[in-house]
Amino acid sequence: MNDSPLATAALIAALALLAGCTAATSSVKTRPAPDAHTVDPIFAAYGSPEGPGASVVVIHEGQAVLSRAYGLAELPEHTPATPKTHYRLASLSKQFTAMAIMRLAEEGKLRYDDRVVDVLPGFPAHASEVRIRHLLNHTSGIWDYEAFVPATQTVQVKDRDVLELVSRAERTYFPPGTAVRYSNSGYAVLALIVEQVGGMPFARFLHERVFTPAGLRSTVAHEEGRSTVPQRAYGYVADTQGFRPRDQSSTSAVLGDGGIYSSVEELVAWDRALDTHALVGEATQRLAWTAPPLPDGTSSRYGFGWFIDEDGGRLRLSHHGETSGFTNAIVKYPQQRLTVIVLTNRAGEEPWRLAQQVADLWLETPGTPPWPFETFPNAR
């Protein structure tokens, strides 16, 4: 693998933080362990028997030590949310898209520093210097496909459409690799690269090469009319009359940047697969959890599908997910082997703050806001 010097240096620098991730647990409370009585008040706003809800799981040492659900997964039928409820993950999906690329890279079928234009037919010439690595860590500078989707559009955009939409731009936002800007376009293009190199549709690749080997039995990259979401939550938004449905938008069918549905119960297996290197080797996982430096020496704050920062000297991995009718969060402290995941089926809330509050119950010292994405260009 011909990794760039900057990325190699960043990986070496990260080894000290990541060394011993599978063993370091001394800064996590074990006695007395927080329980439902301490966690439930944090989710009081989701506890209405008439409103959309939330599911939360706390994972420590690879096991779910607390799993709770609140409110409704579907309002008309009064279907309660449970830990088995499947929510649209929105941008939490990006870690799965990144994993698909990482698997192909480990197999030698692509390199992170391959030019996208050499791998993916139809990629715009104005972005000829964009590398696969740039797409992964949001340093590509390619334009947001959403900017080219009319507000009046009723036909849903698919991943393949993103290629044509970004081709309408005449330049990148900045020279690739020189700056950072959150890009849903980049992750839709990564899904197309997986299809091109992996030789099968993206949803199928995820099912066969990511979900199944990770032990995710019902997680799905959902394609309307082609797949089914089990125990599905539907999205809602609040207005002056209460809650109204808002489950889909014109961009909800794009898979690479946010189209996966899963439950907090399923994601326990996902978290365990990451920690045990069930899908990629330890060195590759370290690369995904390393934020490479920018040319000016500052941190990009994003690895492969994860925001990355240090919280009181602890490595903190995180991601938010916001889409039509769903808002989600994951925070992971790999050295402490602590992960908190919050999935909700309502728009406009900030579950990352709740996830951090829950994590703080287990950590000896509270986390330090803000999360990286809150000051990340174009991430909101």
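Just so we're clear, the structure is a prediction, and the values are computed from it rather than from any experiment. (Residues numbered from 1 in each chain as written. Predicted model: local features only at pLDDT ≥ 70, side-chain atom pairs only at ≥ 80, totals over all residues. Heavy atoms only, no water.)

Participant: Mind showing me how you'd approach the overall build of the chain here?
Facilitator: In terms of regular secondary structure, the chain is built from 11 helices and 13 strands. Taking 21 Å as the expected radius of gyration for a compact globule of 380 residues, we find that the chain reaches 20 Å, a close match to that expectation. Its C-alpha atoms give the chain principal-axis dimensions of roughly 55 × 50 × 35 Å. When each of the 380 residues of the chain is scored for burial, the buried share is 56%. For the chain, the accessible area works out to roughly 14,900 Å², and carbon and sulfur atoms hold 52% of it. If the 34 positive side-chain charges of the chain are averaged to one point and the 41 negative ones to another, these points end up 2 Å apart. (Helix = DSSP H or I, 4+ residues; strand = E, 2+ residues; numbered from the N terminus. Rg over C-alpha atoms; globule rule 2.2 N^0.38 Å. Buried < 20%, exposed > 50% of the residue type's maximum accessible area, 1.4 Å probe, protein only. Areas by Shrake-Rupley, 256 points an atom, 1.4 Å probe, with all protein chains shown as cover. Lys, Arg positive; Asp, Glu negative; His and termini not counted. Charge placed at Lys NZ, Arg CZ, Asp CG, Glu CD.)

Participant: Help me understand the sheet that holds strand β11 (residues 314-323), please; the structure alone is not making it clear to me.
Facilitator: What holds strands together in a sheet is hydrogen bonding between their backbones, with the strands either parallel or antiparallel. The strand order β2-β1-β13-β12-β11-β10 describes an open sheet built from 6 strands, whose pairing is antiparallel. Looking at the sheet topology across the chains shown, the edges are occupied by β2 (63-70) and β10 (307-311). Neighbour-to-neighbour, the strand axes of this sheet turn through a mean angle of 15°, independent of strand direction. Pairing geometry for β11 and strand β12 (residues 326-333), over 7 bridges, is antiparallel. Bridging across to β12, histidine 320 finds its partner in alanine 329. (Pairing = 2+ DSSP bridges. Axes fitted to C-alpha atoms, helices over the stretch in contact; angles between N-to-C directions.)

Participant: Is there a simple way to think about the sheet that holds strand β6 (residues 220-221) in this case?
Facilitator: The 3 strands lie next to each other as β5-β9-β6, forming an open sheet whose pairing is antiparallel. The open sheet has two edge strands, β5 (87-88) and β6, and neither has a second partner.

Participant: Please explain the pairing of β11 as it appears in this structure.
Facilitator: Each regular strand displays side chains that alternate between the two surfaces of the sheet. For β11, a buried count of 9 out of 10 residues is recorded, marking the element as mostly surrounded by other parts of the structure. Bridge count for β10 against β11 is 5 bridges, and the pairing is antiparallel. The residue bridging glutamate 310 from the neighbouring strand is leucine 315, located in β11. Between β10 and β11, which pair antiparallel and follow one another directly, the connecting turn spans 2 residues, one of which, glycine 312, has a positive phi of 60°.

Participant: Can you walk me through the nonpolar core in this structure?
Facilitator: The nonpolar side chains of a soluble globular protein tend to be buried, and buried together. Grouped together as the largest cluster of nonpolar side chains are 102 residues, with contacts concentrated most on Phe43, Phe96, Ile193 and Trp270. With 8 residues, helix α3 (residues 94-106) is the largest single contributor of residues to this core. Among the nonpolar cores identified, the runner-up in size contains 10 residues, and Phe148, Val149, Val157 and Ala188 belong to it. (Core = buried A, V, L, I, M, F, W, Y, C linked by side-chain atoms within 4.5 Å.)

Participant: Explanation requested: the environment of alanine 273 in the structure shown.
Facilitator: Counting through the fold element by element, alanine 273 comes out in helix α9 (residues 264-275). Placed 15 residues apart in sequence, alanine 273 and alanine 288 show a C-alpha to C-alpha distance of 14 Å. Dropping the residues within four chain positions of it, alanine 273 is found in contact with Ala214, Ala278 and Leu279. (Contact = heavy atoms within 4.5 Å.)

Participant: What am I meant to see in the packing of aromatic side chains here?
Facilitator: Per the stated rule, a full pass over the model turns up 18 aromatic pairs. Ring centres of phenylalanine 43 and tyrosine 70 lie 5.1 Å apart, and the angle between their planes is 10°; this geometry places the pair in the stacked category. Of this pair, phenylalanine 43 sits in the loop between α2 (36-39) and β1 (54-60) while tyrosine 70 is found in strand β2, placing the two residues 27 residues apart along the sequence. With respect to burial, phenylalanine 43 and tyrosine 70 carry one shared label: buried. Taking the centre distance of 6.4 Å and the plane angle of 90° together, the rings of tyrosine 182 and phenylalanine 376 count as edge-to-face. Here the residue tyrosine 182 occupies a position in the loop between α6 (159-166) and α7 (184-198), and phenylalanine 376 occupies one in the segment after α11 (351-362), the gap between them amounting to 194 residues. (Phe/Tyr/Trp six-rings, centres within 6.5 Å; stacked < 30°, edge-to-face > 60°.)

Participant: Would you explain the pattern of salt bridges in this entry?
Facilitator: When their charged atoms lie close together, side chains carrying opposite charge are able to pair. Inspection of the entire model under this criterion finds 24 salt bridges. Notably, a salt bridge pairs aspartate 40 with arginine 68, separated by 2.7 Å at the nearest N-O pair. With a gap of 28 residues between them, aspartate 40 in the loop between α2 and β1 and arginine 68 in strand β2 connect regions that are remote in the sequence. Under the relative-accessibility criterion, aspartate 40 is labelled partly exposed at 24%. Residue classification places arginine 68 among the partly exposed residues on the basis of a relative accessible area of 30%. Linking arginine 353 and glutamate 374 is a salt bridge whose minimum nitrogen-to-oxygen distance equals 2.6 Å. Residue arginine 353 is located in helix α11, and its partner glutamate 374 is located in the segment after α11; the two are separated by 21 residues in the primary sequence. (Salt bridge = Lys/Arg side-chain N within 4 Å of Asp/Glu carboxyl O.)

Participant: Is there a simple way to think about helix α8 (residues 202-214) in this case?
Facilitator: Note on helix geometry: an α-helix contains 3.6 residues per turn, so any two residues three or four positions apart are oriented the same way. A maximum bend of about 30° is found in α8 at glutamate 208. Among the residues of α8, those classed as buried are Phe202, Ala203, Phe205, Leu206, Val210, Phe211 and Ala214. As for α8, its buried residues are in contact with α3, α7, β6, β9 (260-262) and α9. After α8 finishes, the residue glycine 215 shows a positive phi value of roughly 90°. (Bend = angle between axes of the 7 residues up to and from the residue.)

Participant: Please clarify how unusual backbone geometry should be interpreted in this entry.
Facilitator: In terms of backbone geometry, most residues other than glycine have negative phi values and most peptide bonds are trans. Residues other than glycine seldom take positive phi values, yet glutamate 61 does so here, at roughly 55°. Relative to the assigned elements, glutamate 61 resides in the loop between β1 and β2. The partly exposed category is assigned to glutamate 61, whose relative accessible area is 32%. Even without being glycine, alanine 90 reaches a positive phi, approximately 55°. With respect to the helices, strands and loops of the structure, alanine 90 is situated in the loop between β5 and α3. With a relative accessible area of 2%, alanine 90 lands in the buried category.

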